[in-house]
Every structure is written in C-alpha cells, then in structure tokens.
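Structure at a glance
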Amino acid sequence: MMLATPAARVVLILAWIYPSHALYFHIGETEKKCFIEEIPDETMVIGKYRTQLWDKLTDSFLAATPGLGMHVEIKDPDTKIILSRQYGSDGRFTFTSHTPGEHQICLHSNSTKMALFAGGKLRVHLDIQVGEHTNNYPEIAAKDKLTELQLRARQLLDQVEQIQKEQNYQRYREERFRMTSESTNQRVLWWSIAQTLILIVTGIWQMKHLKSFFEAKKLV
C-alpha cells in the first residue's frame, strides 16, 4: 500500500524508529531467554516485566508470588556486562547504551524456588521501550509547566534527536560493512595472487621434471 502524502511518510518513519516492543514468553525454572536489541549510543532503554505461574487447579496463568525472582543481565556489543541484577516477580530495569550495536537482554528465574514451579510453566510479559518512548511526557509537562504546544514541540525535538542518533548508527553500520567488504576483497585478491604463483611454480617444476625425465630416457 502506497502512502498518499509526504507527511504520512514522516509519521510512518517516526512510528517505526524506536518502537515499544511488548511480548510474552514461557520459561522453565533454570531456563534463560535472551533478546537482541539494536541500539545507537547514548540511548536510554527501559524494560518492564511481570510474571505469571501456571495454576493447575484453575487451568490458567495467575500472578506469581513475590518470592519468585527474575535475574536480568544485559551485555553491550563488546559482550561487556552493563547490568546484572536480581529483581522480584515484577520489575523494571533501566540502562543507557554507550556503544552502538546489538545489545543482549537476558532474563531467567531464580533457581532457589523449586516448589513454586512444581513442574509448571512461567509466563513472562516483557515490554522494552527505547529512545524517546522512555519519556513520560505527562509527567514532564506537569513538572516543567508546559503548555500543549510546548509539550508537542518537546516531543518533536526528542524525535528529531532520536532520528539523528539512528542515522549516525546506520552510518556506523555502513562503515563497518564497508571495512569488512574491503578486508574480504583484499584477502580474495591476495589468495588469487597466491594461487597464480603456485600454478606458475608448479608448471615450471613440472616442465623441469619432464625435461629431466626425457633426457634420462634419451628421448631428447
């Protein structure tokens, strides 16, 4: 489907950049689930989660007990741990990226509450907000006493800033891809040269060997 106006395209782009990712998944007692999020540098990320335990009596998922904890671990693109903390059955974690690239967000339950699982399933609802979606604009408006127009201008400025960060990140990815391509092309070139030299040396050696063979047989 084509968009009718340039303004509609802008709205679509703004909605596409840094969306809020809400999902749920099931894990076992010691199972670990990880998610990859591509994040530019100097970008705030807020994650919220809540857990539910499977109840055999009601045949449904119910709110987990406070004794059930979740461990959250976050690694940057260099596999450096930037957050590792134990939370409760419901929690909220926040971090700011300092290196652009793929960040790994992992969650797993604590392994000391075996009785709580009793062979059942644990459902985790996870909501990840990136960039300007982490801002609570009603709270900002009340704190800074902003009018509706001023608040809208603040939102647009934040969106423009996030777009700039995304553009810088895309340039960073393109530069890395270009460097990788150039390195691969250079290796292919040197490998081709090496193959050519090997063929030439092999050919010369074969010619000398055949000449020696014919001379030994007195055929030449």
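Residues numbered from 1 in each chain as written. Predicted model: local features only at pLDDT ≥ 70, side-chain atom pairs only at ≥ 80, totals over all residues. Heavy atoms only, no water.

As a further point, take the overall build of the chain. Counting its secondary structure elements, the chain contains 4 helices and 9 strands. Reading the helices (α) and strands (β) of the chain from amino to carboxyl end gives α-β-β-β-β-β-β-β-β-α-β-α-α. Buried residues in the chain amount to 30% of all 220 residues. Of the contacts made within the chain by residues no fewer than 6 positions apart, 72% connect residues no fewer than 24 positions apart. For the chain, the accessible area works out to roughly 15100 Å², and carbon and sulfur atoms hold 59% of it. (Helix = DSSP H or I, 4+ residues; strand = E, 2+ residues; numbered from the N terminus. Buried < 20%, exposed > 50% of the residue type's maximum accessible area, 1.4 Å probe, protein only. Contact = heavy atoms within 4.5 Å. Areas by Shrake-Rupley, 256 points an atom, 1.4 Å probe, with all protein chains shown as cover.)

One can find His125 in strand S9 (residues 122-130). Polar contacts involving the side chain of His125 include one to the side chain of Gln52, which spans 2.7 Å. Contacts of His125, omitting those with residues within four sequence positions, involve Leu23, Tyr24, Lys48, Tyr49, Arg50 and Gln52. (Polar contact = N/O pair within 3.5 Å; in protein donor to acceptor, adjacent residues only side chain to side chain.)

The final tally for this structure, using the stated rule, is 6 salt bridges. Between Glu161 and Lys165 there is a salt bridge whose closest N-O contact spans 3.9 Å. Here Glu161 and its partner Lys165 are both found in helix H4 (residues 148-216), 4 residues apart, which amounts to about one turn of the helix. Linked by salt bridges that have partners in common, Lys32, Glu73 and Lys75 make up one network. (Salt bridge = Lys/Arg side-chain N within 4 Å of Asp/Glu carboxyl O.)

In the structure shown here, the tally under the stated rule is 3 aromatic pairs. Measuring from ring centre to ring centre gives 5.2 Å for Phe25 and Phe35, while their planes differ by 55 degrees; the resulting arrangement is tilted. On the criterion of sequence distance, the pair formed by Phe25 in strand S1 (residues 21-27) and Phe35 in strand S2 (residues 32-39) is long-range, its members being 10 residues apart. By relative accessible area, Phe35 is classed as partly exposed at 22%. (Phe/Tyr/Trp six-rings, centres within 6.5 Å; stacked < 30°, edge-to-face > 60°.)

A cluster of nonpolar side chains, namely Leu189, Trp190, Ile193, Leu197, Ile200 and Ile204, defines an oily patch on the protein surface of about 600 Å² accessible area. Along the chain, Ile200 turns up in helix H4. (Patch = residues over 30% accessible without salt bridge, like charges linked within 9 Å, V, L, I, M, F, W, Y side chains within 5 Å.)

With that out of the way, let us pick up the sheet that holds strand S8 (residues 101-109). Taken together, 4 strands build an open sheet; the order of strands is S2-S8-S5-S6 and the sheet is antiparallel. This sheet does not close on itself; its edge strands, each paired only once, are S2 and strand S6 (81-87). Direction aside, the axes of adjacent strands within the sheet are offset by 15 degrees on average. Strand direction decides the pairing type here: S2 and S8, joined by 8 bridges, are antiparallel. (Pairing = 2+ DSSP bridges. Axes fitted to C-alpha atoms, helices over the stretch in contact; angles between N-to-C directions.)

With that settled, consider H4. Here H4 spans 101 Å end to end across 69 residues, near enough to the 102 Å set by a 1.5 Å rise per residue. Within H4 the residues assigned to the buried category are Leu151, Gln155, Asp158, Gln159, Gln162, Lys165, Glu166 and Tyr169. (Expected span 1.5 Å × (residues − 1).)

Burial within S9 is extensive, with 8 of its 9 residues counted as buried. Both strand S3 (residues 44-55) and S9 contribute to a ladder of 9 bridges, which runs antiparallel. Residue pairing across strands places Thr51 opposite Val124, the latter belonging to S9.

This paragraph deals with the environment of Glu148. Positionally, Glu148 belongs in helix H4. Between the C-alpha atoms of Glu148 and Pro138, which are 10 residues apart in sequence, the distance is 10.0 Å.

A few words on the confidence of the model for the chain. Looking at the chain as a whole, its pLDDT mean stands at 78, while 83% of the residues score no less than 70. This stretch, residues 1-18, has a pLDDT under 50; its non-local contacts, to residues over four places away or in other chains, come to 16 contacts. (pLDDT = per-residue confidence, 0-100.)

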